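The chain contents come next:
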Amino acid sequence: MTIAEEMRTRLQAAFAPSELEVVDDSESHRGHAGFREGGQSHFNIRIRAAAFAGQSRVARHRAVHQALGDIVPRIHALALDIGT
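The following paragraphs examine the structure supplied in this document. (Residues numbered from 1 in each chain as written. Predicted model: local features only at pLDDT ≥ 70, side-chain atom pairs only at ≥ 80, totals over all residues. Heavy atoms only, no water.)

Focus: the nonpolar core
Alright, step 1. By size, the foremost hydrophobic cluster in this structure holds 20 residues, and its most contacted members are Met7, Leu11, Phe15, Ile45, Ile47, Phe52 and Val64.
Alright, step 2. For this core, the secondary structure elements donating two or more residues are helix H1 (3-15), strand E1 (19-24), strand E2 (42-48), helix H2 (57-68) and strand E3 (77-83).
Alright, step 3. For this core, the element with the highest residue contribution is H1, accounting for five residues. (Core = buried A, V, L, I, M, F, W, Y, C linked by side-chain atoms within 4.5 Å. Buried < 20%, exposed > 50% of the residue type's maximum accessible area, 1.4 Å probe, protein only. Helix = DSSP H or I, 4+ residues; strand = E, 2+ residues; numbered from the N terminus.)

Points about H2
Alright, step 1. Under the 1.5 Å per step criterion, the end-to-end length of H2 is 17 Å for twelve residues, consistent within 8% with the ideal 16 Å.
Alright, step 2. Taken together, the buried positions of H2 are Arg60, Ala63, Val64, Ala67 and Leu68. Looking down the long axis of H2, one finds its buried residues gathered within 130 degrees of arc, a one-sided arrangement. More than 90 degrees from the buried face of H2, the exposed residues found are Arg62 and Gln66.
Alright, step 3. Looking at the buried residues of H2, the elements they touch are H1, E2 and E3.
Alright, step 4. Residue Gly69 follows H2 closely and has a positive phi angle near 55 degrees. (Expected span 1.5 Å × (residues − 1). Arc of directions from axis to C-beta. Contact = heavy atoms within 4.5 Å.)

Notes on the sheet that holds E3
Alright, step 1. Here we have three strands laid out as an open sheet, ordered E1-E2-E3, and mixed in their pairing. Of all strands in the sheet, those bounded by a partner on one side alone are E1 and E3. Direction aside, neighbouring strands of the sheet carry axes that sit 10 degrees apart on average.
Alright, step 2. Relative to E2, E1 runs antiparallel, the two sharing six bridges. (Pairing = 2+ DSSP bridges. Axes fitted to C-alpha atoms, helices over the stretch in contact; angles between N-to-C directions.)

With respect to unusual backbone geometry
Alright, step 1. Backbone geometry places Ala16, a non-glycine residue, at a positive phi of 40 degrees.
Alright, step 2. Assignment of secondary structure puts Ala16 in the loop between H1 and E1.

Some words on the pattern of salt bridges
Two side chains carrying opposite charge are able to pair once their charged atoms lie near each other.
Alright, step 1. Evaluation of the coordinates by the stated rule reveals seven salt bridges.
Alright, step 2. The closest approach of N and O atoms between Glu6 and Arg74, which form a salt bridge, is 2.9 Å. Taken together, the residues span a long stretch of sequence, with Glu6 in helix H1 and Arg74 in the loop between H2 and E3 at a distance of 68 residues.
Alright, step 3. Using a relative accessible area of 34% as the deciding quantity, one classes Arg74 as partly exposed.
Alright, step 4. Here Arg10 makes a salt bridge to Asp70, at a shortest N to O gap of 2.8 Å. Here Arg10, found in helix H1, pairs with Asp70, found in the loop between H2 and E3; they are 60 residues apart in sequence, far enough to count as distant.
Alright, step 5. One network of salt bridges, with partners in common, ties together Glu6, Arg10, Asp70 and Arg74. (Salt bridge = Lys/Arg side-chain N within 4 Å of Asp/Glu carboxyl O.)

Everything listed here is a matter of geometry and, on its own, says nothing about what the molecule does.
Spelled out as structure tokens, the structure:
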């Protein structure tokens, strides 16, 4: 299972999102810090879930990081677009 697939599985389980997009954006960072041949180092996540209603931006980010758990230290960059 790729890191992107692991992320998708964990986020689906944690938030039952109405919208979820996990993009491995590693190739666009070729030659930059943290790039690894074969990708799986830089990710963009767009997620929409009712579970985030009423939460601050910081609380939403913390919730996503908690759901991803041990994946976060294994990657170089993670961009989050979180909404309800």
